[in-house]
Amino acid sequence: MKLIIAIIKPFKLDEVREALTEIGVAGMTVTEVKGFGRQKGQTEIYRGAEYSTNMVPKIKIEVVCASDVAANAVEAIQAAANTGAIGDGKIFVLDVGSAVRIRTGETDQTAL
């Protein structure tokens, strides 16, 4: 099993969710986060005054899926979240040792 963590632009969430649903990914966890990378923050105008923020709002998506589905899920996220502009985000893939469904006690692949 793989844990896929994707940091994307907020307005791309629906497109990414739809792309993952199309390839059979059953669920995800979504968190509103802030951070920065090469963008180094952003400049905004608020009530006529320009100010700079160090942190850029992003969406963090976490998906656990079977190892054989992970490559397709990464491709789907990348295609759906891509705008071609700086700050599109990152995708990380990690190994998952085990998973347990709390309600039934099912483990690993059946728990997904």
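In every chain, residue numbers begin from 1 and rise along the written sequence. Only residues with pLDDT of 70 or above have their local features reported here, since the model is predicted, and side-chain atom pairs are shown and tallied only from 80 upward, although totals for entire chains, interfaces and linings are computed over all residues. Working from all heavy atoms in the structure, the side-chain values ignore hydrogens and water.

Enquirer: When you look at the overall build of the protein chain in this model, what are you seeing that I'm missing?
Expert: Assigned secondary structure in the protein chain consists of two helices and six strands. Helix and strand definitions follow DSSP, with helices as H or I runs of at least four residues and strands as E runs of at least two, each counted in order from the N terminus. Overall, the protein chain shows an N-to-C arrangement of helices and strands of β-α-β-β-β-β-α-β. Nonlocal contacts in the protein chain, meaning residues at least 24 apart in sequence, comprise 73% of its contacts between residues at least 6 apart. Shrake-Rupley sampling with a 1.4 Å probe provides the accessible areas, and residues are treated as covered by the protein chains on show and by no other component. When the accessible surface of the protein chain is totalled, it reaches about 7400 Å², and 51% of it is carbon and sulfur. The contact criterion used throughout is that any non-hydrogen atoms of two residues lie within 4.5 Å.

Enquirer: I'm lost on the pattern of salt bridges in this one. Help?
Expert: A side chain of one charge can pair with a side chain of the opposite charge if their charged atoms are brought near each other. Counted as salt bridges are all cases of a side-chain nitrogen of Lys or Arg within 4 Å of a carboxyl oxygen of Asp or Glu. Going through the model one piece at a time under the given rule, you end up with five salt bridges. Of the charged contacts, one joins K12 and E15 as a salt bridge, the two residues approaching to 3.1 Å between their closest N and O atoms. Close ionic contact of K60 with E62 constitutes a salt bridge, the shortest N to O distance being 4.0 Å. The buried label applies to any residue whose accessible area, calculated with a 1.4 Å probe on protein chains only, is under 20% of its type's maximum; exposed applies above 50%, and partly exposed to all values in between. On the basis of relative accessible area, E62 is assigned to the partly exposed category, the value being 26%.

These values are about where atoms sit, not about what they do.
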